[in-house]
Amino acid sequence: MKEKVLFIYLLILILAGCTYAPLPKQNGNAGTEKKLTKEEDQESVKTFLLIGVDTRGEEKSRSDAIILAKYFPEQEKLKLASIMRDSYVKIPGNKTGYNKINAAYYYGGRELLKKTIQENFGVKVDHVAVIDFQGFVKMVDLLAPEGVAVNVDQEIIDDMSIQASVGKNVLHGEEILKYVRFRHDNESDFGRVERQQEVMVQLKTAFINQISSFEGMAALPSIIEQGLSYLDTDIGLKTIMEMGPKAVFHTPDTVETLRVPVEGSFKDEIYPQSGAVLEMDYTKNKKALQEFFSKK
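Residues numbered from 1 in each chain as written. Predicted model: local features only at pLDDT ≥ 70, side-chain atom pairs only at ≥ 80, totals over all residues. Heavy atoms only, no water.

A. Structural view of the packing of aromatic side chains. Following the criterion strictly, the structure yields six aromatic pairs and no others. Measuring from centroid to centroid gives 5.8 Å for Y106 and Y107, while their planes differ by 75°, and the two rings are edge-to-face. Take Y106: its relative accessible area is 33%, and that puts it in the partly exposed class. By relative accessible area, Y107 is classed as partly exposed at 32%. (Phe/Tyr/Trp six-rings, centres within 6.5 Å; stacked < 30°, edge-to-face > 60°. Buried < 20%, exposed > 50% of the residue type's maximum accessible area, 1.4 Å probe, protein only.)

Right, dumping it as C-alpha cells:
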C-alpha cells in the first residue's frame with residue numbers, strides 16, 4: 001500500500017460498517033510514511049458483516065440477509081459474499097446443535113452469528129452492522145435519491161405489488177425492498193441473493209456519483225451521520241466523521257461477489273427442528289469462502 005489510512009467506503013459504511021486501518025506512524029519528518037510489511041498490509045484489511053433483519057417490532061428476529069464484505073485498498077477491489085439464510089450449520093452452544101444459519105441471530109444476536117460464521121467457515125469478522133427493513137428503505141433513498149435502475153419481470157410485479165412495468169425501471173426505497181425480498185419463482189432464495197448483491201453495487205455507484213461534486217463533498221458529513229442513524233453498528237461516529245471525505249479517493253474499481261453455498265456443494269434436506277434447509281459440503285464451502293477473501 002502507498003499509505004495506510006482510515007477510510008470509509010460507502011457500501012461498507014452504510015451497509016456493513018466501515019473498513020478500518022490505523023494511520024501509519026511518522027518517523028519524525030512530516031509527510032513521511034512508514035512502509036508496511038506484508039503482514040501489516042494483511043492486518044489492515046478487515047472483514048465486515050452486514051445483517052439484514054426481518055423485524056416488525058419483535059424482541060427477537062431472524063437475519064434475512066447475511067453478507068460479508070472485505071475491501072482491498074491497494075487493488076481498489078471490494079468483495080461481497082452472501083451466505084444464504086437456509087444454510088444448515090452448527091450453531092455453537094445451542095441445544096439444537098445444527099440449524100439454519102439465520103437462527104443464530106435469533107438465539108444470540110450478532111455475537112452468536114459472528115461466532116457461527118467463524119467456527120463453520122474459518123472467517124473472522126472484525127465489525128458488524130445491523131439494519132432492519134425500514135432502515136434499508138431510508139438508506140436506499142439517502143444513497144440513491146434519484147432511484148435505482150433494475151429489470152423487473154411480471155412475477156415480481158404481481159407477487160410483491162410493485163408499482164412498475166415489465167423491463168427496466170427506476171425504483172426507490174419501498175419498491176427496492178420488495179425487489180430484493182422477492183423469492184417466489186424458480187430461483188427462490190438464490191435469485192434473491194443475486195438481487196441483493198445487484199442493488200448493493202448500484203447503491204455504491206449512485207452514492208459515488210452523488211458526492212463527486214463540491215456540493216456533494218460538503219454534504220458528506222451530514223449524509224454519513226444520517227446513514228448511521230439507520231444502523232446498529234460497532235463503528236464509532238467520531239472515527240467515521242473524521243475520515244469520511246477520504247471515501248471519495250478510495251472507492252473500489254471492481255466489485256466481486258460470491259454466494260455460499262457454492263454451486264454443486266449442497267443438497268436440499270428437511271429436518272424436524274429446522275424445516276427445509278441447504279445441507280452443505282462444509283469443506284468445499286469453507287475453502288471457497290477463504291480463497292475468495294484471500295485472493296486479491
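B. Quick look at the pattern of salt bridges. Inspection of every chain in the model, using the stated rule, returns 12 salt bridges. A salt bridge links D64 to R192, with the nearest nitrogen and oxygen atoms 3.6 Å apart. Here R192 lies in helix α7 (residues 188-210) and D64 lies in strand β2 (residues 63-72), a separation of 128 residues in the sequence. No difference in accessibility class separates D64 from R192, as the two residues are buried. Close ionic contact of E263 with R259 constitutes a salt bridge, the shortest N to O distance being 3.6 Å. R259 sits in the buried class, given a relative accessible area of 18%. A single salt-bridge network, built from bridges that share partners, covers D64, R85, R181 and R192. (Salt bridge = Lys/Arg side-chain N within 4 Å of Asp/Glu carboxyl O. Helix = DSSP H or I, 4+ residues; strand = E, 2+ residues; numbered from the N terminus.)

C. Summary view of the sheet that holds strand β10 (residues 254-260). Reading across the sheet, the six strands line up as β9-β6-β1-β2-β3-β10 and stay open at both edges, with mixed pairing between neighbours. Where the open sheet ends on each side, the last strands, each with one partner, are β9 (232-233) and β10. With two bridges connecting them, strand β6 (residues 127-132) and β9 associate as antiparallel partners. Each residue of the ladder has a partner; that of A129, found in β9, is T233. Set on the sheet, α7 makes contact with β1 (47-53), β2, β3 (77-83) and β10; between it and β10 the angle comes to about 160°. (Pairing = 2+ DSSP bridges. Contact = heavy atoms within 4.5 Å. Axes fitted to C-alpha atoms, helices over the stretch in contact; angles between N-to-C directions.)

D. Quick look at the confidence of the model for the chain. Overall, the predicted model of the chain reaches an average pLDDT of 78, with 76% of residues at or above 70. Confidence scores differ between elements of the chain, with helix α1 (residues 10-16) showing the lowest mean pLDDT of 36 and strand β4 (residues 87-90) the highest of 96. In the model, residues 1-41 has pLDDT below 50 throughout and makes 103 contacts with residues more than four positions away in sequence or in other chains. (pLDDT = per-residue confidence, 0-100.)

E. Geometry of unusual backbone geometry. Cis geometry marks the peptide bond from V260 to P261; its omega dihedral reads 5°. Tracing the sequence through the fold places P261 in the loop between β10 and β11 (266-271).

F. View of the pairing of β6. Burial analysis of β6 places five of its six residues in the buried class, which makes it a mostly covered element. As paired strands, β1 and β6 are joined by six bridges and run parallel to one another. Bridging across to β6, L50 finds its partner in A129.

G. Region of interest: the nonpolar core. Counting residues in hydrophobic clusters, the biggest one holds 41 residues, and the most contacted among them are F136, I176 and Y179. The element that contributes the greatest number of residues to this core is helix α4 (residues 133-143), accounting for seven residues. Apart from residues lying up to four places away in sequence, Y179 is in contact with V150, N151, V152, I156, I162, R195, E198 and V199. Counting residues in each nonpolar core, the second largest holds 29 residues, with I117, V123, V128 and A288 among its members. (Core = buried A, V, L, I, M, F, W, Y, C linked by side-chain atoms within 4.5 Å.)

H. Structural detail: the pairing of strand β7 (residues 148-152). Alternating positions in β7 separate cleanly, V148, V150 and V152 being buried on one face and A149 and N151 remaining unburied on the opposite face. One ladder, built from five bridges, connects β7 with strand β8 (residues 167-171); its direction is antiparallel. Each bridged residue has a counterpart across the sheet, and for V148 the counterpart in β8 is L171.

I. Representation of the packing of α4 against helix α6 (residues 173-181). Interaxial distance between α4 and α6 falls to 8 Å at its minimum, and their mutual angle equals 120°. Taken together, the axes of α4 and α6 lie oblique to each other. Two packed elements cross with a definite hand, and for α4 against α6 that hand is right-handed. Contacts from F133, Q134, F136, V137, V140 and D141 in α4 reach G173, E174, I176, L177, V180 and R181 in α6. A breakdown of the residues in the contact of α4 with α6 according to their chemical character gives seven nonpolar, two polar and three charged. (Parallel < 35°, antiparallel > 145°, perpendicular 65-115°, else oblique. Left-handed = near helix turned anticlockwise from the far one by under 90°. Nonpolar A, V, L, I, M, F, W, Y, C, P; charged D, E, K, R; others polar.)

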